[in-house]
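Here's the letter readout for the chains.
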Amino acid sequence: MTDRASLAPVPGFTNLRSRVLGGETLFGTFLGLGSPVAAEICGRAGFDWVIIDLEHGAAHESDLLAHLHAVGSTPAAALVRPRSGDRLRIGRVLDLGAHGVMIPRIDLPAQAAEAVSFMRYAPDGTRGLALSTRGAGLGELGHADVRAVSQRITGIIQIESPSAVEHADEIAAIDGADVLFVGPTDLSHSMGIPGQFDDPRYLAALDRVVAAATGAGKAAGILLYNMAVLRRHLDLGFRFVGLGSDGSFVSDGARAVLASARE
């Protein structure tokens, strides 16, 4: 007889959340091309996680399942950034089988707490439950098993404004806000210092986010396109680091090949 409690909560089960909370340094990348093949290539490259970007990327919600199938054939955790933090958008990506959700544009602790509640089944949250969905194991889990699914979802809260930085300690204290993820472009622009990533005010904001996350036993995350600054950010304490995107890999590779040919 099958032990239903031991079944994976979603196809392609991953232990990413336990690794985040266990203090590992994890590398990932963003998927913005809208291509399941590119998603699979990135997953097979060895990244710990990939984020299917529905906020700024070319993919739509109708493309999501194909992306999740593609990433599911690799060891990488399949995360999704929905267009917004609405309950139905979060619930939809989780029902399709995402292992975690990145919530953009969070400014206040109450917003973060609400977003986390959308990731969890009752009584821990307000996520709607249908046992037949991919995210609930395609009918393989019983009513007594599904509560444990909530504890395996990785919650990533984006820190992209001075308000979010100011409230970083309170956001980090929320159970389920596992990663405080800085969006450098949005944060620098919202601070009035667009793209000035060496500005002392920006660096002070990074220090505050890292301190908040680390103090709460969570991870601080950031997206980097310049690998020359990677070591500096690791030294600052970032442990959930995005390294470019599928689009940047294509662009950088194409430019490098052409530059080499023209030398």
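Coordinates for the structure precede this section.
A quick note: this is a predicted structure, and the numbers were derived from the prediction, not measured.

**Remarks on the pairing of strand E8 (residues 240–245)**
With six of its six residues buried, E8 lies for the most part within the structure. As defined by bridge partners, strand E1 (residues 26–31) adjoins E8 across four bridges and the pair is classed as parallel. Bridge pairing in E8 links phenylalanine 30 to serine 245. Bridging between strand E7 (residues 219–224) and E8 involves four bridges; their strand directions are parallel. Counterpart to isoleucine 222 in the pairing with E8 is valine 241. Each parallel crossover has a hand, and for E7 linked through helix H11 (residues 230–236) to E8 it is right-handed.

**Regarding the environment of leucine 79**
Within the fold, leucine 79 resides in strand E3 (residues 77–81). Looking at leucine 79, the relative accessible area reads 0%, which means it is buried. Between the C-alpha atoms of leucine 79 and aspartate 53, which are 26 residues apart in sequence, the distance is 8.7 Å. Filtering out sequence-adjacent residues up to four positions away, leucine 79 remains in contact with Leu16, Trp49, Val50, Ile51, Ile52, His99, Gly100, Ile156 and Phe240.

**Section: the pairing of strand E2 (residues 49–53)**
Judged by how many residues are buried, E2 sits mostly within the fold: five of five residues are covered. The side-chain alternation of E2 yields two buried faces, one formed by Trp49, Ile51 and Asp53 and the other by Val50 and Ile52. The handedness of the E1 to E2 crossover, carried by helix H2 (residues 36–44), is right-handed. Where E2 lies against E3, five bridges are found, and the strand directions are parallel.

**Looking at the sheet that holds strand E5 (residues 154–159)**
Overall, parallel pairing links the eight strands, which are arranged E1-E2-E3-E4-E5-E6-E7-E8 in a closed barrel. Mean inter-strand twist for the sheet, computed between neighbouring axes without regard to direction, equals 25°. Alignment of strand E6 (residues 179–182) against E7, held across four bridges, turns out to be parallel. The residue of E7 that forms the bridge with valine 179 is alanine 219. Those strands touched by helix H3 (residues 64–72) are E1, E2 and E3, and its axis lies near 155° from that of E3.

**Quick word on the packing of H2 against H3**
Viewed as axis vectors pointing N to C, H2 and H3 meet at an angle of 25°, and their least axial separation amounts to 8 Å. Between H2 and H3, the crossing angle belongs to the class labelled roughly parallel. For H2 against H3, the interelement crossing comes out right-handed. Facing H2, whose interface residues are Pro36, Ala39 and Glu40, H3 presents Ala66, His67, Ala70 and Val71.

**Details of helix H10 (residues 200–215)**
An ideal rise of 1.5 Å per residue puts 22 Å on 16 residues; H10 measures up with 22 Å between its terminal C-alpha atoms. Every buried residue belonging to H10 is among Tyr202, Ala205, Leu206, Val209, Val210, Ala212 and Ala213, and all of these are buried. Down the axis of H10, the buried side of the element spans an arc of 165°, and every buried residue falls inside it. Away from the buried face of H10 by more than 90 degrees, exposed residues Pro200, Arg201, Thr214 and Gly215 are located.

**Concerning the pattern of salt bridges**
Taken as a whole and judged by the stated rule, the model has 14 salt bridges. Arginine 19 is paired through a salt bridge with glutamate 24; the nearest N and O atoms lie 3.0 Å apart. Ionic pairing is found between arginine 201 and aspartate 199, a salt bridge with its closest N-O pair at 2.9 Å. Given a relative accessible area of 11%, aspartate 199 falls into the buried group. Three or more residues joined by partner-sharing salt bridges are found here, namely Arg17, Arg120, Asp175 and Asp178.

Each value, and the rule that gives it
- Residues numbered from 1 in each chain as written.
- Predicted model: local features only at pLDDT ≥ 70, side-chain atom pairs only at ≥ 80, totals over all residues.
- Heavy atoms only, no water.
- Buried < 20%, exposed > 50% of the residue type's maximum accessible area, 1.4 Å probe, protein only.
- Helix = DSSP H or I, 4+ residues; strand = E, 2+ residues; numbered from the N terminus.
- Pairing = 2+ DSSP bridges.
- Right-handed = clockwise from strand over helix to strand, strands pointing away.
- Contact = heavy atoms within 4.5 Å.
- Axes fitted to C-alpha atoms, helices over the stretch in contact; angles between N-to-C directions.
- Parallel < 35°, antiparallel > 145°, perpendicular 65-115°, else oblique.
- Left-handed = near helix turned anticlockwise from the far one by under 90°.
- Expected span 1.5 Å × (residues − 1).
- Arc of directions from axis to C-beta.
- Salt bridge = Lys/Arg side-chain N within 4 Å of Asp/Glu carboxyl O.

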